[in-house]
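# Observations on chain architecture
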Amino acid sequence: MRATVLAAGVLLFSSVLGWAQDYPVAFPTLAGGTSGIEELVQGRWAVGFVLAPGCPACEKVIRWLGQANHAYPGLNFLLFAPWLTDELKAASSQAGLALAIDKGGRLGAGLGVKRAPTVVFFLEGRPVARVDWPFTEAELVHRLDELATTPRAGPWQYLGAVVSLGTSTTLEGEPVNLDELPGPVVLSFFNQLCPPCWEALPILIEARRDVAVVLALLASHALSEDDRQVL
């Protein structure tokens, strides 16, 4: 039996995107709600950092991104501004772009944005490119072409793939062929120094009614005898 990968990976925004832990994870939107930063974790994003209209370069880039929003249906577009004005609301609405408020410019600073307008390109939560003003519309289109054609990276590339789990040994030292387990298989990586790993055990025990559950111990040699007996 081979296991089919159904899902993988949890991204920590502070490490993947390089943001400090006190940066906001949700931003006010024009509709009066909030936009969670976790939306940037999946897919291809062109994120523009702009100022309120009155900045001619920002007005130009908002228009370019609005045109690109129609030309690249496989990409997502988002504007961030440090404050909200009626003019900015009108400009983003006319361009058909979502707008969120980066109060104080903290998000932009965390991504190395030093001036507006700047466009940062994300692929599956990773910043892969950036264009800082001054740039031309041709340069922006070139980066958008690259973003649209770059192969997906990270655990998402394995979604739906068939993989071999291979062989391993049990806590008792007995060999086991994981591919011979009745599927589907949940493979949970376990560190005995991680409190959430222990907290997840009851859920995994419950899941054993429907699937095969395998704990992959990351430091089995460091297990105490008590921990070994529990596991």
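Let me sum up the structure you'll find in this document. Predicted, not measured: the structure shown is a model, and the values here were computed from it. (Residues numbered from 1 in each chain as written. Predicted model: local features only at pLDDT ≥ 70, side-chain atom pairs only at ≥ 80, totals over all residues. Heavy atoms only, no water.)

### So, the overall build of the protein chain
Secondary structure summary: the protein chain contains 8 helices and 13 strands in total. Here the protein chain has roughly 13300 Å² of accessible surface; of this, 55% comes from carbon and sulfur atoms. (Helix = DSSP H or I, 4+ residues; strand = E, 2+ residues; numbered from the N terminus. Areas by Shrake-Rupley, 256 points an atom, 1.4 Å probe, with all protein chains shown as cover.)

### As for the environment of Asn69
Mapped onto the fold, Asn69 is located in helix α2 (residues 56-71). Once the C-alpha coordinates of Asn69 and Ala46 are considered, the two residues, 23 residues apart in sequence, prove to be 9.4 Å apart. Once residues within four sequence positions are removed from consideration, Asn69 is found in contact with Phe77, Gly96 and Leu97. A polar contact of 3.0 Å, which involves the side chain of Asn69, links it to the backbone oxygen of Gly96. (Contact = heavy atoms within 4.5 Å. Polar contact = N/O pair within 3.5 Å; in protein donor to acceptor, adjacent residues only side chain to side chain.)

### Concerning the packing of aromatic side chains
All chains considered together, the criterion is met by 5 aromatic pairs. Here Trp133 and Phe135 contribute two aromatic rings whose centre-to-centre distance is 5.2 Å and whose plane-to-plane angle is 75°, an arrangement assigned as edge-to-face. On the basis of relative accessible area, Trp133 is assigned to the partly exposed category, the value being 22%. Accessibility expressed as a relative area gives 5% for Phe135, which makes it buried. Members of the aromatic cluster, connected to one another through ring pairs, are Trp64, Trp133 and Phe135. (Phe/Tyr/Trp six-rings, centres within 6.5 Å; stacked < 30°, edge-to-face > 60°. Buried < 20%, exposed > 50% of the residue type's maximum accessible area, 1.4 Å probe, protein only.)

### Here we look at the pattern of salt bridges
Per the counting criterion, the structure on display carries 3 salt bridges. The partner of Arg130 in a salt bridge is Asp132, and the shortest N-O contact between them spans 3.2 Å. The exposure class of Arg130 is partly exposed, given its relative accessible area of 34%. Residue Asp132 is classed as partly exposed on the basis of its relative accessible area of 30%. We note a salt bridge from Glu206 to Arg209, for which the minimum N-O separation is 3.0 Å. Residue classification places Glu206 among the partly exposed positions, given a relative accessible area of 42%. (Salt bridge = Lys/Arg side-chain N within 4 Å of Asp/Glu carboxyl O.)

### Focus on the sheet that holds strand β4 (residues 44-49)
One open sheet holds the 5 strands; their spatial order is β6-β5-β4-β7-β8, and the pairing between them is mixed. Only two strands of the sheet have a single partner each, and these edge strands are β6 (98-101) and β8 (126-132). Each neighbouring strand pair of the sheet contributes to a mean axis angle of 25°, computed without reference to strand direction. In the sheet, strand β5 (residues 76-81) pairs with β6 via 4 bridges, with the strands oriented parallel. Pairing of Leu78 across the sheet is with Ala98, part of β6. Where helix α5 (residues 137-149) meets the sheet, it contacts β4, β5, β7 (118-123) and β8, and its direction lies at approximately 10° from that of β7. (Pairing = 2+ DSSP bridges. Axes fitted to C-alpha atoms, helices over the stretch in contact; angles between N-to-C directions.)

### Things to note about the environment of Ala148
Its place among the elements puts Ala148 in helix α5. In this structure Ala148 comes out as partly exposed when scored by relative accessible area, which is 36%. Ala148 sits 75 residues away from Pro73 along the chain, and the two C-alpha atoms are 9.5 Å apart. Contacts of Ala148, omitting those with residues within four sequence positions, involve Arg44, Tyr72 and Leu75.

### A word on the side chain of Gln192
Structurally, Gln192 can be placed in the loop between β12 (185-190) and α6 (195-199). Residue Gln192 is classed as buried on the basis of its relative accessible area of 10%. Gln192 has contacts with Trp198, Ala219, Ala222, Leu223 and Asp227, leaving out every residue within four places of it along the chain.

### What to know about the side chain of Ser188
With respect to the element layout, Ser188 can be found in strand β12. Beyond its immediate stretch of four places on either side in the chain, Ser188 contacts Leu204, Val214, Leu215 and Ala216.

### Here's the deal with the nonpolar core
Judged by nonpolar contacts, the single largest core of 28 residues is most densely connected at Leu65, Phe77, Val119, Phe121, Leu140 and Leu144. Looking at this core, the element that brings in the most residues is α2, giving 7 residues. Of all hydrophobic cores here, the second largest spans 11 residues; its members include Val47, Phe49, Val113 and Val120. (Core = buried A, V, L, I, M, F, W, Y, C linked by side-chain atoms within 4.5 Å.)

These values are about where atoms sit, not about what they do.
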